[in-house]
Amino acid sequence: MLWDDFRQTVLTSVLRGYVMGCSAGFLVAILADRVPFLARGLLPLGNLASAIPVVGIAPIMVMWFGFDWQSKAAVIVVMTFFPMMINTLAGLGNSESIQLDLMRSYGAGYGRTLVKLRLPNALPFLFNGLKINSTLALIGAIVAEFFGTPVVGMGFRISTEVARMNLDIVWATIAVAALTGSGLYGGLALLERATTAWHPSMRRR
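Here goes a summary of the coordinates provided. (Residues numbered from 1 in each chain as written. Predicted model: local features only at pLDDT ≥ 70, side-chain atom pairs only at ≥ 80, totals over all residues. Heavy atoms only, no water.)

**Considerations on the overall build of the chain**
Phase 1 of the analysis: The helix and strand tally for the chain stands at 9 helices and 0 strands.
Phase 2 of the analysis: In the chain, the succession of helices and strands from N to C terminus is α-α-α-α-α-α-α-α-α.
Phase 3 of the analysis: Each of the three principal axes of the chain carries a C-alpha extent, and together these read 70 × 35 × 25 Å.
Phase 4 of the analysis: Counting every position in the chain, which comprises 205 residues, the buried fraction comes to 44%.
Phase 5 of the analysis: Restricting the contact set of the chain to residue pairs at least 6 apart, pairs at least 24 apart contribute 74%.
Phase 6 of the analysis: Across the chain, the mean location of the 16 positive side-chain charges is 12 Å away from that of the 10 negative side-chain charges. (Helix = DSSP H or I, 4+ residues; strand = E, 2+ residues; numbered from the N terminus. Buried < 20%, exposed > 50% of the residue type's maximum accessible area, 1.4 Å probe, protein only. Contact = heavy atoms within 4.5 Å. Lys, Arg positive; Asp, Glu negative; His and termini not counted. Charge placed at Lys NZ, Arg CZ, Asp CG, Glu CD.)

The following block contains the structure:
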């Protein structure tokens, strides 16, 4: 039963929503970096979206997209889009002026500077956004399942078993969710350490 719940919540809803939300946030950040006017308009919206509670948007998404994984993925996209966008923009602005001047002296355009300098320097910020979103995505999917889901899923299991006073199943589901969130965060942290060992921020740790 717990495996079926894990598969529905994590493998079906969380992973799809996480990939869509983080990818969209990353791509929009690249576009906003290229068009500063867009960045000035999106950052206030990001602050506004971060203040919206998930219990407020989850029932709306369920009504719009139905009870299956699509509504959970929509909640996750809303929750993960702006943290990824904001961290990517912060990372892209992390390159020093002397480094940018060096790239210009080599005749590098925007695209080559982005790929060769600015994105590598932004990797710690990108991983920070990915790690934050790994926990946000799981929380968003579980909360969204409280408001409607097929008869399977971690949020569905917690809500129904609490009503039946089956606290052993509730705690087991919470333990699976906690281990899953810790595993996702830890895996991303190990990947960050492996890919950014050269970065000054990692050498200081």
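**Comments concerning helix H3 (residues 54-65)**
Phase 1 of the analysis: For H3, built from 12 residues, the straight-helix expectation of 16 Å at 1.5 Å per residue is met to within 8% by its first-to-last C-alpha distance of 16 Å.
Phase 2 of the analysis: Within H3, burial applies to Val54, Ile57, Ala58, Met61 and Val62. Along the axis of H3, the buried residues cluster in a sector spanning 140°; they form a single face. The exposed set on the far side of H3, more than 90 degrees from its buried face, consists of Met63 and Trp64.
Phase 3 of the analysis: Elements that come into contact with the buried residues of H3 comprise helix H4 (69-92) and helix H6 (110-145). (Expected span 1.5 Å × (residues − 1). Arc of directions from axis to C-beta.)

**Looking at the nonpolar core**
Phase 1 of the analysis: The biggest cluster of nonpolar side chains holds 24 residues, and the ones touching the most others in it are Val14, Tyr18, Leu92, Leu130, Ile142 and Met154.
Phase 2 of the analysis: Those elements that place two or more of their residues in this core are helix H1 (2-34), H4, H6, helix H7 (154-163) and helix H8 (167-195).
Phase 3 of the analysis: In terms of residues, this core owes the most to one element, H6, which gives 10 residues.
Phase 4 of the analysis: Beyond its immediate stretch of four places on either side in the chain, methionine 154 contacts Asp5, Phe6, Thr9, Val10, Ile142, Glu145, Thr173, Val176, Ala177 and Thr180.
Phase 5 of the analysis: Of all hydrophobic cores here, the second largest spans 9 residues; its members include Val54, Met61, Ala74 and Met79. (Core = buried A, V, L, I, M, F, W, Y, C linked by side-chain atoms within 4.5 Å.)

**Observations regarding the environment of serine 71**
Phase 1 of the analysis: Relative to the helices and strands, serine 71 resides in helix H4.
Phase 2 of the analysis: What makes serine 71 buried here is its relative accessible area of 0%.
Phase 3 of the analysis: Not counting residues up to four positions away in its chain, the partners in contact with serine 71 are Met61, Val62, Phe65 and Gly66.
Phase 4 of the analysis: Polar contacts involving the side chain of serine 71 include one to the side chain of lysine 72, which spans 2.9 Å. (Polar contact = N/O pair within 3.5 Å; in protein donor to acceptor, adjacent residues only side chain to side chain.)

**Brief notes about the environment of valine 28**
Phase 1 of the analysis: Here valine 28 lies in helix H1.
Phase 2 of the analysis: Its relative accessible area of 23% is what places valine 28 among the partly exposed residues.
Phase 3 of the analysis: Taking the C-alpha atoms as reference points, valine 28 and leucine 48, 20 residues apart in sequence, are found 17 Å from one another.

**Focus on the environment of proline 120**
Phase 1 of the analysis: With respect to the helices and strands, proline 120 occurs in helix H6.
Phase 2 of the analysis: Judged by relative accessible area, proline 120 falls into the partly exposed class, the value being 22%.
Phase 3 of the analysis: For the pair formed by proline 120 and threonine 12, sequence separation is 108 residues and the distance between their alpha carbons is 31 Å.

**Describing the packing of H6 against H8**
Phase 1 of the analysis: H8 packs onto H6 with a crossing angle of 170° between their chain directions and a minimal axis gap of 10 Å. Relative to H8, the element H6 lies roughly antiparallel. Along the contact surface, H6 presents Leu123, Pro124, Phe127, Leu130, Lys131, Ser134, Thr135, Leu138 and Ile142, while H8 presents Ala177, Thr180, Gly181, Leu184, Tyr185, Leu188, Ala189, Leu191, Glu192 and Thr195.
Phase 2 of the analysis: Tallied by class, the residues present in the contact of H6 with H8 amount to 12 nonpolar, 5 polar and 2 charged. (Axes fitted to C-alpha atoms, helices over the stretch in contact; angles between N-to-C directions. Parallel < 35°, antiparallel > 145°, perpendicular 65-115°, else oblique. Nonpolar A, V, L, I, M, F, W, Y, C, P; charged D, E, K, R; others polar.)

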